[in-house]
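What follows is each chain in one-letter form.
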Amino acid sequence: MSQVTFKGESVNVSGNFVQAGSQAPEFTLTSSTLADIKSSELRGKKVVLNIFPSIDTPVCAASVRKFNQEASNLENTTVLCISADLPFAAGRFCEAEGLENVQTASFFRAPSFTEDYGVNLNQGALQGLAARAVVVVNEEGLVTYGELVGEITSEPNYEAALEAVKNA
């Protein structure tokens, strides 16, 4: 079990956060059109998993915008922005913002996703949501980079994640 903070308050995160060199856990998430997004269908591409509590918060929205901006420079890469938000809300956000280089994905049908990736907030005000994290997976499905952000209200280390994609 890991710990992060939310506005300075310690919060337990259950599950084991994925580590570089390990096989990325399989998942089936839900797209903004309610279609399944299966990790197995992403093999052969690099994948950035931008995991966060809710797109309706300033820091989460900023991370989606930043990865959208950077994604156009990444070859053979899919960026999934993952939260518990309902697919409709996440899709509306991206449409209203004109974000076309990222794909939103919801774990509302797949509650085991947060445990499998070690980002399950199991206490506090955000209980049931995901901690902020970035995971980079290579074409073979191996984790090449992972950051569990220590303070939920802080943005991830974009530069390190993007460098990991380029080197994956």
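This text goes with the structure placed above it.
Thresholds applied
Residues numbered from 1 in each chain as written. Predicted model: local features only at pLDDT ≥ 70, side-chain atom pairs only at ≥ 80, totals over all residues. Heavy atoms only, no water. Buried < 20%, exposed > 50% of the residue type's maximum accessible area, 1.4 Å probe, protein only. Helix = DSSP H or I, 4+ residues; strand = E, 2+ residues; numbered from the N terminus. Salt bridge = Lys/Arg side-chain N within 4 Å of Asp/Glu carboxyl O. Core = buried A, V, L, I, M, F, W, Y, C linked by side-chain atoms within 4.5 Å. Contact = heavy atoms within 4.5 Å.

A.B. asks: In this structure, what is going on with unusual backbone geometry? I would like to understand it.
C.D. replies: Trans peptide bonds make up most of the peptide bonds, and negative phi angles are found at most residues other than glycine. Even without a glycine there, the phi angle at K7 is positive, about 55°. Its relative accessible area of 63% is what places K7 among the exposed residues. The backbone phi angle of N76 is positive, close to 50°, even though this residue is not glycine. One can find N76 in the loop between α1 (58–71) and β6 (77–83). We classify N76 as partly exposed; its relative accessible area is 39%.

A.B. asks: Where do I start with the pattern of salt bridges in this structure?
C.D. replies: Where charged atoms from two side chains of opposite charge come close, those side chains can pair. Scanning the entire structure with this criterion turns up three salt bridges. For the salt bridge of E97 with R65, the shortest nitrogen-to-oxygen distance reads 2.8 Å. Placement of the pair is E97 in helix α2 (residues 87–97) and R65 in helix α1, with a sequence separation of 32 residues. The class of E97 is partly exposed, set by a relative accessible area of 35%. Look at R65 and you get partly exposed, because its relative accessible area is 35%. The residue K66 makes a salt bridge to E70 at a minimum N-O spacing of 3.4 Å. In this pair, K66 and E70 are both assigned in helix α1, four residues apart and thus about one turn of the helix distant.

A.B. asks: Explanation requested: the nonpolar core in the structure shown.
C.D. replies: Taken as a class, soluble globular proteins show a tendency for nonpolar side chains to be buried jointly. One finds L49, I51, I82, Y117 and V135 to be the most contacted residues of the largest nonpolar core, which totals 30 residues. Elements with a contribution of two residues or more to this core: β2 (9–14), β5 (46–51), β6, α3 (112–117) and β9 (133–137). Beyond its immediate chain neighbours, meaning those up to four positions away, I51 contacts I82, F113, V119, A130, A131, R132, A133 and V135. Formed by 23 residues, the second largest nonpolar core is a distinct cluster that contains V48, L99, V136 and V165.

Any functional reading would require information that these geometric values do not contain.
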